[in-house]
Amino acid sequence: MPYDDLRSFLETLDKEGQLLRVTDEVMPEPDIAAAANAAPRLGDAAPALYFDNVKGFTDARIAMNVHGSWANHALALGLPKETGTKEQVAEFIRRWADFPVRPEWRDNPPWGRNTMDGDEVDIFRVLPLIRLNDGDGGFYIDKAAVVSRDPGDPQNFGSQNVGIYRVEVKGKRRLALQPVPMHDIAQHLRKAEERGEDLPVALALGNDPVISIVASTPMKYDENEYEMAGALRGAPAPITRAPLTGLPVPWGSEVVVEGVIEGRRREIEGPFGEFTGHYSGGRKMTVIRIDRISYRTEPVFEHLYLGMPWTEIDYLMGPNTCVPIYQQLKQDFPEVQAVNAMFTHGLVVIVSTKKRYGGFAKAVGMRVLTTPHGLGYAATVIVVDEDVDPFNLPQVMWALSTKMNPAGDLIRIPNMPVMELAPQADAPGIVDKLIIDATTPTGSDRRGNFSNQVKDLPETGEWLTRLHQLAARR
Amino acid sequence: MAASSICPRCAHETVETVFTSPVPGVWDVLQCRQCLYMWRTTEPARRTRRDLYPEKFRMTPEDIEAAIEVPLVPPLLDPR
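Every chain begins its residue count from 1, and numbering advances along the sequence as written. Each chain is given a letter, starting from A, and each ligand a number, starting from 1, according to the order in which they appear as written. Note on the predicted model: pLDDT of at least 70 is required for a residue's local features to be given, and 80 or more for side-chain atom pairs to be given and counted; whole-chain, interface and lining totals, by contrast, use all residues.

The helix and strand tally for chain A stands at 14 helices and 24 strands. In terms of C-alpha radius of gyration, chain A reaches 23 Å, essentially the compact-globule figure of 23 Å for 474 residues. Along the first, second and third principal axes, the C-alpha set of chain A runs to 75 × 60 × 40 Å. Looking at chain A alone, contacts between residues at least 24 apart form 70% of all its contacts between residues at least 6 apart. For the purposes of this entry, the term helix denotes a DSSP run of H or I that reaches at least four residues, the term strand denotes a run of E that reaches at least two, and both are numbered from the N terminus. In this description the radius of gyration comes from C-alpha coordinates, and the expected globular size is given by 2.2 Å times residues to the power 0.38. For every residue pair, C-beta atoms are placed from the backbone, and the pair is scored as a contact if these atoms sit within 7 Å.

Structure, rendered in structure tokens:
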């Protein structure tokens, strides 16, 4: 059964032992962020956290780390919580094949019951905002699905965008938003600003878990996130029109904030501890004026801590970064077996592939750099043989330690594009990229002394199953 | 709680109260009018006191002036 809202997913997490309720009184800072910082360190089955006794608040409900473990990510996709990482990515790939699934328009969203308009808007009265990291310039909203449309093509449902962007709270009805130039909303904003117009936006907070996954998936400009949510859920995504802007927003959200990015205006923002594990800012960023907030009675504030990886964001945008790169490589190179792009949203990408002929693995590595997502990420690409599992890092290290000869296996390509938050770039946005060929040379590439590789014994698979069964019976 | 403190980040002296705790008297949320830093009065001292605020996170009027635009404001299509 797909989830239509955050609340029903929290109930499932609770039943599955994946929601930890912190009932003792906590300080808004530093407790909530520090707990969410710590939670993923509990391991692959780390729980989500729920706080409702926060000092100074009378009515706060804060959910953290909702996607922050492999167990929770599996449950978000409706899979058993024990499902392994590679299997979750494989299932994601299978479901992607059903894209697009048209959304289901519904009326009377539960967030329509309470509203604030115009000058009465005060976001502090709706959300129990908290600071995440020491150097952050203020309180951030970093898990909202931000909806916008192409001002030059407003009726095109495909080019409407749902994305997660960093949003700083600047006042009762004022926010800042970071549109990374490589992301779709930046294209919408540029078109609006070229016309001297504001860009209407809707921020949907506290969503069913698949909305957060698709909103952080690197999809093509004309691919619609709700249609992808339908494919992943196995049922149409329930959406509705936001009352002020008419933008399509999730029917089941906790809170919907509407307003405009004020055209041609920039104001100091940040810094903010980013998904790279480094702060970025302060820079002059866009300004949002909030014109309306709609919210459920007793809304739950779903929030995300990010810091030194791994934190929740790495689970949220790990599998969904692997899948599009895999699909795009597979179109040209059916030899590709699997893609692991889970490290810092794909700044490192590991690909396993069969080889057609000598030099083939290097060509696959170069193709990674020219995929739409690889252009702005993929600073290092590691290519391994087809029998190496790219999700099994000890195997990848084995490939690096025995198959890779720096004399011929390192390809450095100077002055390539990278998203501006990549800290290793000398000039933001430009970096040298590296392809590491850690495959066994083949065909006319006769380098190395590989003789024969030891392969798993043919009976090993059966024994693995048998050992699992024996171990389970103990 | 009076908004009398200076900004921990840029030492500007105009600080505004943005929000007060729903339970009266527990905390205020303050904001600097110069660098827009926002903080809650009950946060750890390293975030709320100028003398303890880390050097690496401090900001000056020159920093604000020199901050780059992200993204750049594009030229108007049809200049009026």
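On we go.
This part takes up the sheet that holds strand β3 (residues 38-40) of chain B. Residue and element names in this part refer to chain B. DSSP bridges decide pairing: two strands pair if at least two such bridges lie between them. Within the open sheet, the 3 strands sit side by side as β1-β2-β3. Their pairing is antiparallel. The open sheet has two edge strands, β1 (15-20) and β3, and neither has a second partner. Between one strand axis and the next, the sheet turns by 25° as a mean value, whatever way the strands run. Bridge count between strand β2 (residues 28-32) and β3: 3 bridges; the pairing is antiparallel. Within β3, the residue paired with Leu30 across the bridge is Trp39. Only the stretch in contact is used when fitting a helix axis, every axis being a line fitted to C-alpha atoms; angles between N-to-C directions are given from 0 to 180 degrees.

Looking now at the interface of chain A and chain B. Accessible area lost upon the coming together of the parts is a frequently used measure of interface size. Facing the 35 residues of chain A at the interface are 31 residues of chain B. If you list the elements that add at least two residues to the side of chain A that touches chain B, you get β9 (167-171), α5 (184-194) and β18 (283-295) of chain A. Counting residues per element, the side of chain A that touches chain B draws most heavily on α5 of chain A, which supplies 4 residues. Among the residues forming the side of chain A that touches chain B, the class breakdown is 11 nonpolar, 9 polar and 15 charged. Basically, the charged four are Asp, Glu, Lys and Arg, the nonpolar ten are Ala, Val, Leu, Ile, Met, Phe, Trp, Tyr, Cys and Pro, and anything else, Gly included, counts as polar.

Residues and elements named next belong to chain A. Domain boundaries shown here were taken from an automatic or database domain assignment. Annotation of chain A at the domain level lists domain 1 (6-314) and domain 2 (318-438). For domain 1 and domain 2, the distance between their C-alpha centres works out to 29 Å. Contact with domain 1, which involves 23 residues of that partner, is made by 21 residues of domain 2. Considering every element that reaches the side of domain 1 that touches domain 2, the biggest residue donor is helix α4 (residues 85-96), with 7 residues. Its residues assigned to classes, the side of domain 1 that touches domain 2 shows 11 nonpolar, 8 polar and 4 charged.

Moving on, we come to the packing of α4 of chain A against helix α9 (residues 319-332) of chain A. Residue and element names in this part refer to chain A. The interhelical angle for the contact between α4 and α9, taken along N-to-C directions, is 55°, at an axis separation of 9 Å. Classified by the angle between their axes, α4 and α9 sit oblique to one another. Helix-helix and strand crossings are classified by hand; for α4 and α9 the assignment is right-handed. Along the contact surface, α4 presents Gln88, Val89, Phe92, Ile93 and Trp96, while α9 presents Pro319, Asn320, Cys322, Val323, Tyr326 and Gln327. Tallied by class, residues from the contact of α4 with α9 come to 8 nonpolar, 3 polar and no charged. Any angle that is under 35 degrees is reported as roughly parallel, and any over 145 degrees as roughly antiparallel; angles of 65 to 115 degrees are reported as roughly perpendicular and all others as oblique. Note on convention: the crossing is left-handed when the near helix lies turned anticlockwise from the far helix by less than a right angle, right-handed when the turn is clockwise.

Bringing the sheet that holds strand β4 (residues 104-105) of chain A into the picture now. Residue and element names in this part refer to chain A. The strand order across the open sheet formed by 3 strands is β4-β12-β13, and the pairing between neighbours is mixed. A strand with exactly one partner marks an edge of an open sheet, and here the two such strands are β4 and β13 (248-250). Across 3 bridges, strand β12 (residues 238-241) lies against β13 in antiparallel orientation. Paired with Thr240 across the strands is Val249, a residue of β13.

Glancing now at helix α1 (residues 6-15) of chain A. Residues and elements named next belong to chain A. Partly exposed residues are those whose C-beta has more than 12 but fewer than 20 other C-beta atoms within 10 Å; with 20 or more the residue is buried, with 12 or fewer it is exposed, and the C-beta atoms are placed from the backbone. Buried within α1 are the following residues: Leu6, Phe9, Leu10 and Leu13. Taken end-on, α1 shows its buried residues confined to a sector of 105°, consistent with a single buried face. Seen from the open side of α1, the exposed residues pointing more than 90 degrees away from its buried face are Glu11 and Lys15. If you follow the buried residues of α1, they end up packed against β1 (19-22), β2 (48-51), β3 (62-64), α3 (70-76), α6 (209-215) and β19 (301-303). At the exit of α1 stands Gly17, carrying a positive phi of roughly 75°. Directions from the helix axis toward the C-beta atoms define the arc.

Tracing the chain through its elements places Arg473 of chain A in helix α14 (residues 460-473). Residues Arg473 of chain A and Val364 of chain A, 109 residues apart in the sequence, show an inter-C-alpha distance of 44 Å.

Residues and elements named next belong to chain A. Connectivity within a nonpolar core runs through C-beta atoms within 7 Å, and the core itself is a set of buried Ala, Val, Leu, Ile, Met, Phe, Trp, Tyr and Cys residues. Among the nonpolar cores identified, the biggest contains 115 residues, and Val146 and Ala202 are the most heavily contacted of them. Setting aside anything within four residues of it in sequence, one finds Ala202 in contact with Val147, Ala242, Thr245, Leu247, Val249, Val256, Val257 and Glu258. Core analysis: the next-biggest nonpolar cluster, separate from the first, contains 39 residues, Phe92, Leu329, Val336 and Ala399 among them.

Let's shift gears to α4 of chain A. All names here are of chain A. The span one expects for a helix is its residue count, reduced by one, times 1.5 Å. With 12 residues, α4 ought to run about 16 Å at 1.5 Å a step, and its terminal C-alpha atoms sit 17 Å apart, in line with that. All of the buried residues in α4 are Gln88, Val89 and Phe92. In an axial view of α4, the angular spread of the buried residues amounts to 100°, which keeps them on one side of the axis.

This part covers unusual backbone geometry. For the bond from Gly270 of chain A to Pro271 of chain A, the omega torsion is -5°, close enough to zero to count as cis. Within the secondary structure layout, Pro271 of chain A lies in the loop between β15 (267-269) and β16 (272-273). Residues Val70 of chain B and Pro71 of chain B are joined by a peptide bond in cis, for which omega reads -15°. The residue Pro71 of chain B is located in the segment after α2 (61-66) in this model. A positive phi angle is found at His345 of chain A, which is not glycine, with a value near 60°.

Here the focus is the pairing of strand β21 (residues 348-353) of chain A. Residues in a regular strand project their side chains so that they alternate between the two faces of the sheet. All names here are of chain A. With 5 of 6 residues buried, β21 lies mostly within the body of the structure. Where strand β20 (residues 336-343) lies against β21, 5 bridges are found, and the strand directions are antiparallel. Residue Val339 lies in a different strand from β21, and its bridge partner there is Val351. Linking two consecutive strands that pair antiparallel, namely β20 and β21, is a turn of 4 residues; a positive phi of about 50° is found at Thr344 within it. Note that β21 and strand β22 (residues 380-385) share 6 bridges and pair parallel. Bridging from a neighbouring strand, Val351 pairs with Val383 of β22.

Residues and elements named next belong to chain A. Across the interface, α9 lies against helix α10 (residues 360-369) with an axial gap of 10 Å and an inter-helix angle of 130°. By the criterion of interaxial angle, the relationship of α9 to α10 is oblique. In this structure, α9 meets α10 at a crossing whose hand is right-handed. Here Ile325, Leu329 and Asp332 of α9 come into contact with α10, specifically with Val364, Arg367 and Val368. Of the residues assigned to the contact of α9 with α10, the class counts are 4 nonpolar, no polar and 2 charged.

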